[in-house]
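# Observations on chain architecture
Below are the chains, spelled out letter by letter.
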Amino acid sequence: KDGIFQGFTARTVLIVALQSIYGLCVSGVLKFSNNIVNMFAGSAAMLLTMTLSIFLFDFRPTVLFLCGLVIVSISAFIYHESQAVAAVADAARRSERRRIEKKHRHRRKRDRHRMIQLSALSRSHGNDDKDDENEEERPAILLGHTDTE
């Protein structure tokens, strides 16, 4: 008779169970997001509770309550808009990085191809063993690099 639940009624047990479930939900939210999301979730729950209380219990919210609700709603909107803008900017940066990497891969491939052509040209003319005075100049010309660039 004198146990841990001494003095508990069915209503008390229900409240404890609901608070336990709420705690598990909060820990789940915090595991996959941050405190700000948790705060907005609590505000949304307050809005839902107010709406249900108006219909079920004939609740009349005060002006101060409505002002707080409007401020929280606006802050949630601004927070989520800034997150969306940050996501779009991040996607644009990744796209630009991929475009630049593709351009550099293309240039390296082109340069390798030109070096192979140069090597084949040198072998076909028998210039492998000769000290040609234009030997330094030839790779730059074949690669498309000149002093005028």
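Position numbers for residues count from 1 along each chain, tracking the sequence in the order it is written. The predicted nature of this model means local features are confined to residues of pLDDT at least 70 and side-chain atom pairs, given and counted, to a pLDDT of 80 or more, with totals for whole chains, interfaces and linings taken over all residues. Only hydrogens and water are removed before side-chain values are computed, so all heavy atoms of the structure are retained for them.

## What about the overall build of the protein chain?
- Assigned secondary structure in the protein chain consists of 4 helices and 0 strands.
- Elements are defined by DSSP. Helices are runs of H or I of four residues or more, strands are runs of E of two residues or more, and each kind is numbered from the N terminus. The secondary structure elements of the protein chain, listed N-terminal to C-terminal, are α-α-α-α.
- Throughout this description, buried means an accessible area under 20% of the type-specific maximum (1.4 Å probe, protein chains only), exposed means over 50%, and partly exposed covers the range between. Looking at the 149 residues of the protein chain, the share that counts as buried comes to 9%.
- Considering only contacts in the protein chain between residues 6 or more positions apart, those separated by 24 or more positions represent 41%.
- For the area figures, the Shrake-Rupley method with a 1.4 Å probe applies, and any residue is considered shielded solely by the protein chains shown. As presented, the protein chain carries roughly 12,700 Å² of accessible surface, and 63% of it is formed by carbon and sulfur atoms. It only takes one pair of heavy atoms within 4.5 Å for two residues to be counted as in contact.

## Describing a positive patch on the surface
- Patch construction takes residues with relative accessible area above 30% that form no salt bridge. Like charges are linked within 9 Å, and nonpolar side chains (Val, Leu, Ile, Met, Phe, Trp, Tyr) are linked within 5 Å. Here, a salt bridge means any Lys or Arg side-chain nitrogen found within 4 Å of an Asp or Glu carboxyl oxygen. Only four residue types enter the charge count, namely Lys and Arg as positive and Asp and Glu as negative; His and the chain termini do not. A single reference atom marks each charge: NZ on Lys, CZ on Arg, CG on Asp, CD on Glu. On the surface, K102, R105, R108, K109 and R112 cluster together into a patch of positive charge.
- Counting through the fold element by element, K102 comes out in helix α3 (residues 63-124).
- Classification of K102 as exposed rests on a relative accessible area of 57%.

## Things to note about unusual backbone geometry
- Notably, D58 is not glycine yet its phi reads approximately 60°, a positive angle.
- If you trace the backbone, D58 turns up in the loop between α2 (35-57) and α3.

## Quick notes on the side chain of S53
- With respect to the secondary-structure elements, S53 resides in helix α2.
- Here S53 is in contact with D58 and F59, once residues within four sequence places are set aside.

## Quick look at a nonpolar patch on the surface
- Residues I4, F5, F8, V13 and V16 make up a contiguous nonpolar surface patch of roughly 510 Å² in combined accessible area.
- Mapped onto the secondary structure, F5 falls in the segment before α1 (10-32).
- Relative accessible area serves as the criterion here: at 58%, F5 is assigned to the exposed category.

## Re the pattern of salt bridges
- For the structure on display, the rule yields 5 salt bridges.
- Here D90 and R93 are joined by a salt bridge, their closest N and O atoms 3.6 Å apart. Residue D90 and its partner R93 are both found in helix α3; the two are separated by 3 residues, about one turn of the helix.
- Among the ionic pairs, E96 bridges to R99, the shortest N-O distance being 2.6 Å. Here E96 pairs with R99, and both are found in helix α3, just 3 residues apart, close to one helical turn.
- Residue E96 is classed as partly exposed on the basis of its relative accessible area of 35%.
- Here the residues in one salt-bridge network are D90, R93 and R94, joined through shared partners.

## What to know about the packing of α1 against α2
- The N-to-C vectors of α1 and α2 enclose an angle of 140°; their axes lie 8 Å apart at closest approach. On the basis of their axis angle, the class for α1 and α2 is oblique. Every pair of crossing elements has a handedness; the one defined by α1 and α2 is right-handed. For the pair α1 and α2, contact is made by V26, V29 and L30 and by N35, V37 and N38, respectively. All axes are obtained by fitting lines to C-alpha atoms, using only the stretch in contact for helices, and the reported angles, taken between N-to-C directions, cover 0 to 180 degrees. Should an angle lie under 35 degrees it is considered roughly parallel, over 145 roughly antiparallel, and from 65 to 115 roughly perpendicular; all remaining angles are considered oblique. Two helices cross in a left-handed way if the nearer one is turned anticlockwise from the farther one by less than a right angle. They cross in a right-handed way if the turn is clockwise.

## A closer look at the packing of aromatic side chains
- In this scheme Phe, Tyr and Trp rings, the latter by its six-membered ring, pair at centre separations within 6.5 Å, and the angle between planes marks the pair as stacked below 30 degrees, edge-to-face above 60, and tilted otherwise. On inspection of all chains with the given rule, the structure shows 1 aromatic pair.
- Between F59 and F65 the ring centres are 6.2 Å apart and the planes differ by 80°, which places this aromatic pair in the edge-to-face class.
- Exposure remark for F59: the relative accessible area of 31% places this residue in the partly exposed category.
- For F65, a relative accessible area of 26% corresponds to the partly exposed category.

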